[in-house]
Amino acid sequence: MDTPKSKRTSLDWRVSILLFCLVAAVSGQIRYSVPEEMRKGLFVGDVAKDLGLDVKRLRSGRARIVTGESIQYTELKTDKGILVVNERIDREQLCGDVTPCSFSFEVILENPMELHRITVEVLDINDHAPVFSNKDKPISFEISESAVVGVQFPLQSAEDLDVGLNGLQDYVLSPNDNFILKQHANPDGSKYVEMVLQKPLDREQRPHLSLKLIAVDGGTPQRSGTVNIDVTVLDANDNAPVFNKSVYKASLMENTMRGTSIVTVNATDADSGTNGLIIYSLSKMKGSAVDIFSIDENTGTISVSGQIDYEKDRRYEVRVEAKDQGGLTGTSKVILDVTDVNDNAPIINIMSFSSPVSEDARPGTTIAILNVKDADSEKNGQIKCSIDGKLPFKIESSLTNYYNLISDQHFDRESITEYNITITATDFGSPALSSSTKLHLKISDVNDNAPLFDKSIYSAHIIENNSPGISIFSVSARDTDWKQNARISYVLEDTHVSGSPVSTYVSINSETGVLSAVRSFDYEQIKQLQLVVKAQDGGSPPLSSNVTVKILIQDQNDNPPQVLYPVQTGGSLVAEMVPRSADVGYLVTKVVAVDVDSGQNAWLSYKLQKATDRALFEVGLQNGEIRTIRQVTDKDAVKQRLTVIVEDNGQPSRSATVIVNVAVADSFPEVLAEFTDFTHDKEYNDNLTFYLVLALAVVSFLFITCLVVIISMKIYRWRQSRILYHSNLPVIPYYPPRYSDTLGTGTLQHVYNYEVCRTTDSRKSDCRFGRAGSQNVLIMDPSSTGTMQRIQNEKSILDEPESAETHFGKVMLH
């Protein structure tokens, strides 16, 4: 056995020989190798050099070691960039018989965030000698003298906590004549020995043998352990128990309940009597299997007596002994494979977390680094990380057991100001186990949204003749940013309306967006205003947006209808000719009127207010056409006087009156004969007697009434003539086909053109007609002494030109 002093000397010598560093940088990982039992502070490796980092980077990045173990075996010297031993490393305590033995940890740096893994392999030194568990108690055998050559006697195995060459290598039996050693190897590489009888025993010569079993390792210097073997020679028992299998195999689940039967072994002994009675027992081979399993000494049933933990031991190997009453023993091996049960949930550790995050952070920004571990194996220990809900994040694996939470898309603080992120780690066991952790991430604002109006185009209405300063309406914009970035002011863009700045028409309140009228509007001068309003936020730099505003001027009924045809002259008399052969529906003429207002204020209707014979003519309500409603007869008077009133549809409505003279005759001489008298007495009627009687009865009343009516009509006709014409000559206005007024609300779709013939001679002068199909107007002046006939032949441009049957002619008399 080695003394403590020799052990320390050997340790120092091995440390000086084995101290070296193996550096391998593969995907951000480095690996070092150190012998166990190194003193605190000894050099392990140059981390800064092997990672390609500057020492200043280690200090600025606040480099630190992160390990999941309770003991931190190494320490990072950031001022030098080296790794040194921090705690004594006992390879046997750290890894047991697992080789190679290593432990890992991570080095985390910040600003920017980096993660590196370092693995340190612990090399074994020969600091343990082989030891028999019961070295103070000898191994006792009672062997019959009739035992045959070749009988095997299992011996207690020694244990050496070292591994490799430093572990148990060989067994040596003290010299004797009867027994030799036979060594066997287990599947895991460990060895066990049996003592084999090579020469029959003779109880009479030597009833008791004392031997020594020596276990030696392969270290330098070599270490060993011994145990005594006491052999008692019994009287003849010729047959040892024999198992029906040399190896028994079974499997059991982790966490199997105590008392559960696993497997039953069976051995037989050919002897009879007490020499054939067998007792079963377990012989420890490795670890603490004897404490976990028990066997019924009579039936050979092996049961669970302790805790089965797959994470500690995945396979158990035990030896079963069958001993008869004569002391002969048979052995067999039982191999028990443990099946893993998913009894460990993943454990999540948050290594780093950044909050708040700016909303303009790019996709792929690392939000947090997590470490997730599961103590189970295979698929029970395989982990997948997920994020609960549909969130703009994803999880990517970096190093083993490390996961990065990164952004998956652009953030929008205006939509979501903060996120509650639940990260769940789930293993692949059945049933699966999971654990979760929550992160509260806030999003900081940037000015990335311009003000937006609630409409793309605004339309407003204001009635003409408004008061200056009246509010028209308000525009409204909203900005989804926050605080100063969402503060909005309104401004009118510098545009022009009809050559004048828009500010001379309307103004806007910069805070409320209320538009007000600067002046009074006139629909007949301007019908709409189109302006541009800009909304600008208070961000840096500021963002803005524009919107078009249309202000429509609404019309008031402030203009009466104007009669364009027939023309009302002060001293002329216009007569429309209707032949006596005219049928029902004959078009006599058409009253043409317009209204400069719009909409329903310009919708005109025509009514026959008064007529010489109401049963003969009618006026079209919408088009103003005067037509016959019955057949013209010879009894109808030549002179017909119609009073037509034109009204618009405004509220209140406005109107105009026009007098239409109609001559029912087949020739102009007949018309001239009748209308000569008519010019001397405009109030003449066919029933002269009726008027004379009536005049006698109410002469005073009629005199006053007629006087007022005549004066009013003269004034009205004079005003109409001044508005529409600039000369005393009667002019028939010409309108192009499909006439419509400039406001788009005219009341005429068709216009009639007329040819005029005028004489300046006496009323007895003749008027010549043009060629067939032309239209003629005769103008007569009683004070003239000559006759002039002007015939104007023009090609009709009407959509449906009138024929001679439609219009026989028109007559105008002076």
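In what follows, the accompanying structure is described. (Residues numbered from 1 in each chain as written. Predicted model: local features only at pLDDT ≥ 70, side-chain atom pairs only at ≥ 80, totals over all residues. Heavy atoms only, no water.)

Regarding the side chain of E194
Phase 1: Residue position: E194 is located in strand 14 (residues 191-197).
Phase 2: Buried and without a salt bridge, E194 has R319 as its closest oppositely charged side chain, separated by 5.2 Å.
Phase 3: In this structure the side chain of E194 is engaged in a polar contact, spanning 3.3 Å, whose partner is the side chain of H184.
Phase 4: The residues contacting E194, other than those within four sequence positions of it, are Q152, F153, P154, L155, I180, L181, K182, H184 and T331. (Helix = DSSP H or I, 4+ residues; strand = E, 2+ residues; numbered from the N terminus. Buried < 20%, exposed > 50% of the residue type's maximum accessible area, 1.4 Å probe, protein only. Lys, Arg positive; Asp, Glu negative; His and termini not counted. Salt bridge = Lys/Arg side-chain N within 4 Å of Asp/Glu carboxyl O. Polar contact = N/O pair within 3.5 Å; in protein donor to acceptor, adjacent residues only side chain to side chain. Contact = heavy atoms within 4.5 Å.)

A closer look at the state of the cysteines
Phase 1: Applying the stated rule across the entire model yields one disulfide.
Phase 2: Between C95 and C101 runs a disulfide, and the two sulfur atoms are separated by 1.9 Å. Taking the sign of the S-S torsion, 70° for the link of C95 and C101, the bridge is right-handed. This pair shows no difference in class: C95 is buried, exactly as C101 is. (Disulfide = S-S within 2.5 Å.)

Regarding the sheet that holds strand 7 (residues 114-123)
Phase 1: Judged by pairing direction, the sheet is mixed, and its four strands sit side by side in the order 1-7-6-3 without closing on themselves. Two strands close off the open sheet at either side, each with one partner strand: strand 1 (29-35) and strand 3 (64-66). Adjacent strand axes in the sheet meet at a mean angle of 30° when their direction is disregarded.
Phase 2: Note that strand 6 (residues 101-109) and strand 7 share nine bridges and pair antiparallel. Paired with I108 across the two strands is L115, which belongs to strand 7. (Pairing = 2+ DSSP bridges. Axes fitted to C-alpha atoms, helices over the stretch in contact; angles between N-to-C directions.)

Quick word on the pattern of salt bridges
Phase 1: The tally for this structure, following the rule as stated, stands at 19 salt bridges.
Phase 2: Between R630 and D636 there is a salt bridge, with its nearest N and O atoms 2.7 Å apart.
Phase 3: Given the relative accessible area of 24%, R630 is considered partly exposed.
Phase 4: One continuous salt-bridge network, built from bridges that share partners, spans E37, R88 and D90.

Just geometry here; none of it tells us what the structure is for.
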